[in-house]
Amino acid sequence: MRLGLSVPEDVSVLGIDDYRLICERMDPPLSSIALPYYEMGRRGAERLLGGITSDTLVEKIPGPLAQRYSVASPRQ
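Residues numbered from 1 in each chain as written. Predicted model: local features only at pLDDT ≥ 70, side-chain atom pairs only at ≥ 80, totals over all residues. Heavy atoms only, no water.

Peer 1: Describe the pattern of salt bridges, with residues and values.
Peer 2: Inspection of the entire model under this criterion finds nine salt bridges. Of the charged contacts, one joins Arg68 and Asp18 as a salt bridge, the two residues approaching to 2.8 Å between their closest N and O atoms. A residue pair is termed long-range when its members are at least 10 positions apart, and Arg68 in the segment after strand S3 (65-66) and Asp18 in the loop between strand S1 (14-16) and helix H1 (20-23) qualify at 50 residues. Per residue, the accessibility class of Arg68 equals that of Asp18, and both read buried. Residue Glu39 is joined to Arg42 by a salt bridge in which the shortest nitrogen-to-oxygen separation is 2.5 Å. Taken together, the residues span about one helical turn, with Glu39 and Arg42 both in helix H2 (residues 37-50) at a distance of three residues. Among the charged side chains, a network of salt bridges with common partners joins Glu39, Arg42, Arg43, Glu46, Arg47 and Glu59. (Salt bridge = Lys/Arg side-chain N within 4 Å of Asp/Glu carboxyl O. Helix = DSSP H or I, 4+ residues; strand = E, 2+ residues; numbered from the N terminus. Buried < 20%, exposed > 50% of the residue type's maximum accessible area, 1.4 Å probe, protein only.)

Encoded structure:
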């Protein structure tokens, strides 16, 4: 459904996973947060092999932002 909105002038759009084959070919190119697969696997293996000692099952791992043209600062 078309709402007559423009990206990023009226609304910003941000993706997750930064699958470049898709993100770079969208119009406008999609800004996205990359998933740090290597670090996710490394930390998961560490926790399994070392015994899970934390009460927390969720661990936040920052992913780098691939800033393209689908986000803009809010209008004043």
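Back to the text.
Peer 1: Describe the confidence of the model for the chain, with residues and values.
Peer 2: Per-residue confidence for the chain gives a mean pLDDT of 89; residues scoring 70 or more make up 97%. The least confident element of the chain is H2, whose mean pLDDT is 89; the most confident is strand S2 (residues 31-33), at 97. (pLDDT = per-residue confidence, 0-100.)

Peer 1: Any details on the sheet that holds S3? Residues and values, ideally.
Peer 2: Read from one edge of the open sheet, three strands run S1-S2-S3, paired in mixed fashion. In this open sheet, the two edge strands, each paired with only one partner strand, are S1 and S3. Pairing analysis gives three bridges linking S1 to S2, with the strands arranged parallel. Considered in S2, the bridge of Ile16 is made with Ile33. (Pairing = 2+ DSSP bridges.)

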